[in-house]
Structures are given as structure tokens and as C-alpha cells.
Amino acid sequence: MNTLTSPRVSDLLTALHREAETSDRAHVAEMQAKIVAPGASIEGLVADLLADERADYRAAYRDRADNFLAVSPYYGRFLYAIARARGATRVVEFGTSMGISTIYLAAALRDNGGGQLIGSEMEPAKVTRARANLDAAGLADLVEIRAGDALETLKDLGGVIDLLLVDGAFSLYLQVLKLVEPWLKPGAVILGENAFEPGYQSYVSDPANGYVSFALPDAGRGNAFTVKVS
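Given the structure is predicted, the values throughout are model-derived calculations rather than measurements.

Trainee: Just to check I follow, could you spell out the overall build of the protein chain for this structure?
Mentor: Counting its regular elements, the protein chain contains 8 helices and 7 strands. Relative to the compact-globule value of 17 Å for 230 residues, the protein chain shows a C-alpha radius of gyration of 17 Å, a close match. Considering only C-alpha atoms, the protein chain reaches an extent of 50 × 45 × 30 Å along its principal axes. In the protein chain, buried positions account for 49% of the 230 residues. Accessible surface computed for the protein chain: about 10200 Å², of which carbon and sulfur atoms make up 56%. The positive charge centre, built from 22 side chains, and the negative charge centre, built from 29, are 4 Å apart in the protein chain.

Structure below.
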């Protein structure tokens, strides 16, 4: 048994994923309807979402304050596996939400012998809920969730980083990566969940920037797996 499969953590994650599915059902249905509407496409939807965020990303996500916007169980297990394989002891997460992905990553830290996860979340209610979920999982001692805009909260990370998860406002992915970049170890893994933003895609795909990047085939969600190689 590992931390991820311990009853305390696995039962909590099962309940949280079930709650997230219920909470986000209407939002997911709305997004799917927009994609299949006559003349629509996922590219057009992404362009509209990015335009809304660039106009006011705080307002765009304030409208989703009650939604989990969580990773899937499949992707959560992938996060755990990558953090274990990397031997990660210091992790940064942009976009903590209710803390589901945080639990997967913190479980990996526990099984790697300990460490620290620094998360950032704009919505105060989500920060409160995420902290409560981590307490329930018995993993709160490994996690610091910083409340506020990641462009401010992630300026000082206090040491090198083994793994970065970017899963917040799409339009900020590149800015957050560049903010965290000086702290990334060679060999650090960057996981971009819904990494649709063209600037981010171009940056991590250019070897001149010191990365090797691959698209991950996960239900068309635009996930990117990137490694800092220099």
C-alpha cells in the first residue's frame, strides 16, 4: 500500500471526484454544446476563452468559483506517478482549486520521503476548501497554499523546483512558467493541463528555450508534458 491507495486518501478522492462531477456537470455540458454548435470548433471555443481571460482573467475565474475544474482520476494518478518517478521533493502548482490535484501530488511527496508543495489559488473560498481537503487527507503538513494572484504569490519559491503543474487561467501559462523558470532544476517536469495557449505551446516546443515537450493523448484535453533539459 502507498499513500495514494490508503483508505484515508483513496476514499476521500473518490468522494471528491464524485462531488466534482456533480458540481461541474452543467459547466461541462455548456462547453460541449458550444463545441458542437453549427460552425463551432474547439479551436474557436479556446480562442473565445482566451479573449475573455485577457480582458479580465480574475473576473473570468470568479464566475467559476463554485466549480471544481478538477483533474480526472486518470490524470491524477499520472501526476502521482510522474512525481514519484522524478523523486520530486519540491513541487509548485498553479491553480489549486479545491485541492484534488494537490492531494495526488502531496501523496507522491509523502511516498518520496517528504517535501513541500507550494500551491497558488485566486479564489478565497477554494483556498479554504483545499486546505480542509488536505487536512482530511492527512497531507496538510506538506503543502503551502498561497492565496492570491499567482503572478505575485509565486515570485519567491525559496529553492529549486522538481515539478511544476500549470492548471489555472489559460492565458497566464507562459507568464507563470517564466516566473518559475529560474527555480526549475535541470530535468524538472512541467505539466500543462489544458495547455491550449499558443504562446505557451510555442515556447516549450522551441529547443532554444531549454525544453523538450510532447502532447499527451488524454481525451483531447491539450495536456503537455515538458522537461527542462538545460
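Trainee: When you look at the packing of helix α1 (residues 7–36) against helix α5 (residues 124–137) in this model, what are you seeing that I'm missing?
Mentor: Packed helices, taken two at a time, are described by the angle between their axes plus the distance between the axes. Taken N-terminus to C-terminus, the directions of α1 and α5 make an angle of 150°; their axes are 9 Å apart at the nearest point. The angle between α1 and α5 places the two elements in the roughly antiparallel class. Residues Arg8, Val9, Leu12, Leu16 and Glu19 of α1 touch α5, and the partners they reach there are Arg129, Asn133, Asp135, Ala136 and Ala137. Here the contact of α1 with α5 is composed, by residue class, of 5 nonpolar, 1 polar and 4 charged.

Trainee: How should I be thinking about the pairing of strand β4 (residues 161–166) in this particular structure?
Mentor: Each regular strand shows side chains that alternate between the opposite faces of the sheet. Most of β4 is tucked away: 6 of the 6 residues are buried. Here β4 pairs with strand β5 (residues 184–192) via 5 bridges, running parallel. Looking at β5, one finds that Leu165 is bridged to Leu191. With respect to chirality, the unit in which β4 leads through helix α7 (residues 173–180) into the neighbouring parallel β5 is right-handed.

Trainee: Looking at this structure, I do not really get the packing of aromatic side chains. What am I missing?
Mentor: For any pair of aromatic rings, the description rests on two quantities: the centre-to-centre distance and the angle between the ring planes. According to the stated counting rule, one finds 7 aromatic pairs in the structure shown. Between the aromatic rings of Phe78 and Phe225, the centroid separation amounts to 6.5 Å while the plane-to-plane angle is 65°, which identifies the pairing as edge-to-face. Of this pair, Phe78 sits in helix α3 (residues 73–86) while Phe225 sits in strand β7 (residues 223–228), and the two are 147 residues apart along the sequence. A relative accessible area of 22% places Phe78 in the partly exposed class. Residue classification places Phe225 among the buried residues on the basis of a relative accessible area of 18%. Note on Tyr203 and Tyr211: the rings are 6.0 Å apart at their centroids and 55° apart in plane angle, and the pair reads as tilted.

Trainee: Help me out: how do you make sense of the nonpolar core in this one?
Mentor: In summary, soluble globular proteins display a tendency toward joint burial of nonpolar side chains. Grouped together as the largest cluster of nonpolar side chains are 39 residues, with contacts concentrated most on Ile100, Ile103, Leu105, Leu139, Leu163 and Leu191. Of all the secondary structure elements, the ones that give two or more residues to this core are α1, α3, α4 (100–111), α5, β3 (143–147), β4, β5 and β7. Ranked by the residues each element gives to this core, the list is headed by α4, at 8 residues. With sequence-adjacent residues up to four places away left out, Ile103 is seen in contact with Val9, Leu12, Leu13, Leu16, Asn133, Leu134, Ala137 and Leu139.

Trainee: Which parts of the structure should I look at to understand the packing of α7 against helix α8 (residues 198–205)?
Mentor: Packing of α7 against α8 leaves a shortest axis separation of 8 Å and a crossing angle of 40°. The orientation of α7 with respect to α8, classified from their angle, is oblique. Counted together, Tyr173, Leu174, Leu177 and Lys178 of α7 and Gly199, Tyr200, Tyr203 and Val204 of α8 form the full contact between these two elements. For the contact of α7 with α8, the per-class residue count stands at 6 nonpolar, 1 polar and 1 charged.

Cut-offs applied
- Residues numbered from 1 in each chain as written.
- Predicted model: local features only at pLDDT ≥ 70, side-chain atom pairs only at ≥ 80, totals over all residues.
- Heavy atoms only, no water.
- Helix = DSSP H or I, 4+ residues; strand = E, 2+ residues; numbered from the N terminus.
- Rg over C-alpha atoms; globule rule 2.2 N^0.38 Å.
- Buried < 20%, exposed > 50% of the residue type's maximum accessible area, 1.4 Å probe, protein only.
- Areas by Shrake-Rupley, 256 points an atom, 1.4 Å probe, with all protein chains shown as cover.
- Lys, Arg positive; Asp, Glu negative; His and termini not counted.
- Charge placed at Lys NZ, Arg CZ, Asp CG, Glu CD.
- Axes fitted to C-alpha atoms, helices over the stretch in contact; angles between N-to-C directions.
- Parallel < 35°, antiparallel > 145°, perpendicular 65-115°, else oblique.
- Contact = heavy atoms within 4.5 Å.
- Nonpolar A, V, L, I, M, F, W, Y, C, P; charged D, E, K, R; others polar.
- Pairing = 2+ DSSP bridges.
- Right-handed = clockwise from strand over helix to strand, strands pointing away.
- Phe/Tyr/Trp six-rings, centres within 6.5 Å; stacked < 30°, edge-to-face > 60°.
- Core = buried A, V, L, I, M, F, W, Y, C linked by side-chain atoms within 4.5 Å.

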